[in-house]
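The lines below spell out each chain.
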Amino acid sequence: MTAQTGKTVLEVRGLSVAFPGRKGETTAISNVSFDLNLGQTTCFVGESGSGKSVTARAVLNIVEPAVIKAGAINLVDVEAGQRIELSGLNPDGAEIRAVRGARIAMIFQEPMSSLSPVHTIGEQIIEGIMLHQDVDTATARDRAIKALRAVQIKNPEDAIDRYPFEYSGGMRQRAMIAMALGCEPDILIADEPTTALDVTTQAEILKLLKGLQESHGMAVMFITHDMGVVAEIADQVVVMLHGSVVETGAVDQVFHAPVHAYTKKLLKASMGLDEAAHGRGAASSDEILIETHNLSLAFPSKKKLLRKPGSGVQALDEVSVELRRGEILGIVGESGSGKTTLARVLMGRFQPQFGEAIYHTRDGVAKDLNDPATFRDGQVYREMRMIFQDPYGSLNPRMTVQQIIGEPLLVNGLLKGAALRDRVGELLERVGLPASAMERYPHAFSGGQRQRIGIARAIALDPRVIIADEATSALDGSIRAQILDLLLDLRSELDLSILFIAHDIGVVRYFCDRVAVMHKGRVVETGTAVQICDAPQDPYTQRLISAVPIPDPRKRHLVA
Amino acid sequence: MTLTTPANSPDARIGQVRDTPELAVGEIDPRIDLTHGTESQWQLIRRRFSKHRLAVVSLWILSLFVFVAIFAGFVAPNDPGNVKARYTYAPPQALHFIDKTDEGWAFRPHVYGYTVEIEPEALRRTFVIDEDKKIYLTFFKRSWEYKLFGLIPTDIHLIGPERSRDPFYLFGADRLGRDMFSRLVYGTQISLSVGLVGVIMSLVLGVIIGGAAGYFGGWFDAVTQRAIEFLRSLPTIPLWMGLAAAMPSDWSPLQTYFAITLILSFLGWTELARVVRGRFLALNGEDYVAAARYDGCSHLRVIVRHMVPAFTSHIITAASLAVPAMILAETALSFLGLGLQAPVISWGVLLQEAQNIRTLATAPWLLLPGAAIVIAVLAMNFIGDGLRDAADPYAK
């Protein structure tokens, strides 16, 4: 920590940004005011579209095609006691470019797309250093290696000459941070830097950022929608809603004495490990609907001319799970753990090399899911339905809602004409949408509403099993809670069993009865949701659980 | 998180509904706006297309060309094959609408006649517009006979001189005193239809081959892809020349015409097959196509109901960009004397007349078919651009 800690380095007052349009302007943010202090982290929290990213961009004066309508952004040079007003500068001028990267640096959400794929990591860091500092190439390279070492990349002398595709997601984000810190900025803006990362990687990056902030004494403007992350790292919190700041305060005060109703709702929606499970304790029956035994599936590496076939990727490694009637089974794991592959095997998209997967139909017949012929008569697809992750890609944009929901009823020859229409109306109302919405196309609905349409399509055939592949991970917190509650409701009403694939432990604890944890294609641990979350046995599960941020600043455990 | 949608984006205009966090389970959201979101794909495409000014203007221009092509006999005032040695290389006449006589002003379209002067040394005839000789024009004039749509015999024309013997050369006359305007009108008919028929034939080949390659993949895909790469690696002009030279010289103009379009589409389908295959591959990975399979749809229904509507607009775009290429190819072949032959009239055949530099010096209006080609090709390319931007109204 430096002596400057706590001094205000950026003052934003009454900032408004608007998008010019033919029919007048659309306000992105209005009258936003806040301070950033050296050595402190200010978290900006809010749901998609609340104006967090626009605020961050406005600080750097890169809001095009929008324009800064009003307000002042004062950048204070604490040592020299000078201040620069940024909002009035020419967005392409030399003055603002001298600030960007040198005094205010930014890191982005997508570590894939924010690094140039055709330059080595080193070239990209060195470019930033040489732009703003008067040094020769050799010195710049030394500084770049130092920066890479600071972000804990192993063998920085070697890693500096590698290309971004040779880095993992977490390493790329570290490289981005190294690049941002190359010029020792006073302010670091981090726009959802951990959202695209797995939870264990997220924990590492948060820890790294906190450590770097302490050693450099810089102010961090951290944008996130995850209240757990806020609780872990924030000193100050700014809550945004529809382009305005609704609450500002110290982290402890915001979490334990929230003033604004929206803040309270955000906190309530951030279901974490602490939150009680949904507590139905429903004694699920012993009737088994889906069982798999030692499923193994390897994707061979592509056969190349004149090259021996390699070992390939073991997507599933002796996976044995069972879904009982009436229960919600969570499959949890990080990206690449094989959980989506498992769902696809059950839906007949992939055929595993070893093991068996059996579905017991309503009339008690055991169907082999490994045999593509099983799916031909459509019975399995009538009883086993799927909800997809992406609410935008899973509904055909060229069909009306009525056609989308009615499709399974129609092609299975169950209903048509007015009866089909009535049934679709019923289904829509069941998922909380007005029946009159059936005339419309999917583009008229928001993400949460689309996911409801997807659910209506899934329950249209009166199924027994629903496979939900990350069905809520594309949704904001409070919408996610609504969708989960809707599914819980439907479960008890329609006697559904749900196979719920997720990477979010908080959701799993709230929603699932039993959980199977997957890691590198293997199921490492199975147990009740409470058991897995509170007393994990397997070392990987323990690591996974301890990496989950807890939405309570008094229980910090990741960066402490 | 993305930036807030600006007001002029299509998303904002179709009334985006915000998620409503306060809603309790089982309750229906009363705030869902039911006045928007009922536009179908084609309505969205039309709206996007209409924002592309240049494309809309081009569409009007192309419509005019198509009208001229369909009603060629009606639009043409003179028989395009009618030789009048008296008017060899007669210059274009200006069209006047207001007739100023001693009695005052009147709306009466007319052109001025020619006086022929013979230069004594060069023995060259020069035409001088004679303002005293007024040739009055009438609408819906009955003169030479033609068949409308190739079926209905009639002799009504949009406009013509009151006395059929009088010269009427809006775009001048050629070497044999034939009316360039009428010939251009008939050339439009042939050139546009070659482009269109050629593209339709390419389209049929391309959609079937590309669609099968994209949907079923495997060895069929591999074989067609290599075949396409081979065809595309052939230098086109020598290939066309070879194929055109192989055509028997005793074929009728109609047979040559179809042979030429076949030759052109023989190479043209490769591009369209690639587009279709690519769309199939992309759509196969879409969640909503997987959802349709899980809904119990058959292969045919998945293709027809869920995949084809998603790429018809792309196919139309690719086709509209392929038409001008076809037209240019036909023009090039005919210009080289390998494509269509007189008495068939196409823009390329007309341009053959303009090959001689000395003729061009005497009669620059022989280049007008070139202008028609430039305008038509530009218009079609602009329309293709506009369609491409509008083709996928759901792209983010």
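Residues numbered from 1 in each chain as written. Chains lettered and ligands numbered in written order. Predicted model: local features only at pLDDT ≥ 70, side-chain atom pairs only at ≥ 80, totals over all residues. Heavy atoms only, no water.

Overview of the overall build of chain A
Operational definition: Numbered from the N terminus, helices here are DSSP runs of H or I no shorter than four residues, and strands are runs of E no shorter than two. A radius of gyration in this sense is built from C-alpha atoms; the matching globule rule multiplies 2.2 Å by the number of residues raised to 0.38. The rule is simple: take the accessible area with a 1.4 Å probe, protein chains only, and divide by the maximum for that residue type; under 20% is buried, over 50% is exposed, in between is partly exposed. It only takes one pair of heavy atoms within 4.5 Å for two residues to be counted as in contact. Only the protein chains shown count as cover for residues, with accessible areas throughout obtained via the Shrake-Rupley method and a probe of 1.4 Å. Charged-residue counts in this description rest on Lys and Arg as positive and Asp and Glu as negative, His and the chain ends being excluded. All charge positions are set by atom: Lys at NZ, Arg at CZ, Asp at CG, Glu at CD.
A count of helices and strands for chain A gives 19 helices and 21 strands. Taken over the C-alpha trace, chain A has a radius of gyration of 26 Å; the compact-globule value for 560 residues is 24 Å, and the two agree within 12%. Here the C-alpha coordinates of chain A stretch approximately 80 × 60 × 45 Å along the principal axes. Sorting the 560 residues of chain A into buried and exposed places 57% on the buried side. Taking as baseline every contact in chain A between residues at least 6 positions apart, the subset at least 24 positions apart corresponds to 68%. Accessible surface, chain A: about 22,600 Å² in total, of which carbon and sulfur atoms supply 50%. Averaged over its 60 positive side-chain charges, chain A has a centre that lies 3 Å from the centre of its 68 negative ones.

Topic: the sheet that holds strand β1 (residues 8–21) of chain A
Residue and element names in this part refer to chain A. Worth spelling out the cut-off: Each pair of strands is called paired provided DSSP finds at least two bridges between the two strands. Axes here refer to lines fitted to C-alpha atoms; in helices the fit is confined to the stretch in contact. Angles between the N-to-C directions go from 0 to 180 degrees.
If you trace the four strands from one edge of the open sheet to the other, you get β2-β1-β4-β5, paired in antiparallel fashion. The open sheet has two edge strands, β2 (24–37) and β5 (82–85), and neither has a second partner. Sheet twist, expressed as the average angle between the axes of neighbouring strands with direction ignored, equals 15 degrees. Relative to β2, helix α1 (residues 52–59) is tilted by about 70 degrees, and along the sheet it contacts β1, β2 and β4 (67–77).

Regarding the confidence of the model for chain B
All names here are of chain B. Inclusion rule: pLDDT expresses, on a scale from 0 to 100, how confident the predictor is about each individual residue.
Chain-level pLDDT for chain B is 78 on average; 89% of the residues reach the 70-or-more range. Ranking the elements of chain B by mean pLDDT puts helix α1 (residues 10–13) last with 36 and helix α3 (residues 53–70) first with 89. Across residues 1–26, confidence stays below pLDDT 50; counting only partners more than four residues off in sequence or on other chains, it has 72 contacts. Here the predicted complex scores 0.74 on pTM and 0.74 on ipTM.

Digging into the pattern of salt bridges
Residue and element names in this part refer to chain B. Convention followed: When a carboxyl oxygen of Asp or Glu is within 4 Å of a side-chain nitrogen of Lys or Arg, the pair counts as a salt bridge.
Enumeration over the complete set of coordinates arrives at 33 salt bridges over all chains. Between Arg 277 and Asp 221 there is a salt bridge whose closest N-O contact spans 2.6 Å. Taken together, the positions of Arg 277 in helix α8 (residues 253–284) and Asp 221 in helix α6 (residues 218–233) put the pair 56 residues apart, joining distant regions of the chain. A salt bridge links Arg 274 to Glu 229; the shortest N-O distance between them is 3.4 Å. Separated by 45 residues along the polypeptide, Arg 274 in helix α8 and Glu 229 in helix α6 bring together distant segments of the chain.

Here's the deal with the pairing of strand β14 (residues 328–332) of chain A
All names here are of chain A. In terms of burial, β14 is largely enclosed, as five of its five residues are buried. By the alternation rule, side chains of β14 split into Ile 328, Gly 330 and Val 332 and Leu 329 and Ile 331, which are all buried. Across five bridges, the pairing between β14 and strand β19 (residues 497–502) is parallel. In the strand pairing of β19, Gly 330 is matched with Phe 500. Pairing analysis gives four bridges linking β14 to strand β20 (residues 514–519), with the strands arranged parallel. Note that in β20 the partner of Ile 331 across the bridge is Ala 516.

A few points about the domain arrangement of chain B
Note the cut-off: Note: domain ranges come from an automatic or database domain assignment.
By the assigned domains, chain B splits into domain 1 (93–168) and domain 2 (184–391). Summarising the inter-unit geometry, the C-alpha centres of domain 1 of chain B and domain 2 of chain B are found 39 Å apart.

What about the side chain of A:Thr472?
Residue and element names in this part refer to chain A. Residue placement: Thr 472 occurs in the loop between β18 (465–469) and α16 (477–494). Thr 472 sits in the buried class, given a relative accessible area of 4%. Excluding residues that lie within four positions of it along the chain, Thr 472 makes contacts with Arg 480, Ile 483, Leu 484, Phe 500 and Val 507.

Quick word on the pairing of strand β7 (residues 187–191) of chain A
For a regular strand, side chains alternate in direction, first toward one face of the sheet and then toward the other. Residue and element names in this part refer to chain A. The line we're drawing: By convention, a crossover is right-handed whenever its connection, traced from the first strand over the helix to the second and viewed with the strands pointing away, goes clockwise.
The buried count for β7 comes to five of five residues, which makes it a mostly enclosed element. By the alternation rule, side chains of β7 split into Ile 187, Ile 189 and Asp 191 and Leu 188 and Ala 190, which are all buried. Bridging between strand β6 (residues 104–107) and β7 involves four bridges; their strand directions are parallel. In the sheet register, Ile 104 faces β7, and the bridge partner there is Ile 187. Taken together, the five bridges between β7 and strand β8 (residues 219–224) define a ladder with parallel strand orientation. Looking at the pairing, Ile 187 lines up with Ala 219 of β8. Read as a crossover between parallel neighbours, the route from β7 over helix α7 (residues 199–216) to β8 is right-handed.

Side note on the sheet that holds β20(A)
All names here are of chain A. Pairing within the open sheet is mixed, and its six strands lie in the order β17-β18-β19-β14-β20-β21. Looking along the sheet, the strands with just one partner apiece sit at the ends: β17 (384–387) and β21 (522–528). Sheet twist, expressed as the mean angle between neighbouring strand axes with direction ignored, is 20 degrees. Where β17 and β18 come together, four bridges link them in parallel fashion. Residue pairing across strands places Ile 387 opposite Ala 468, the latter belonging to β18.

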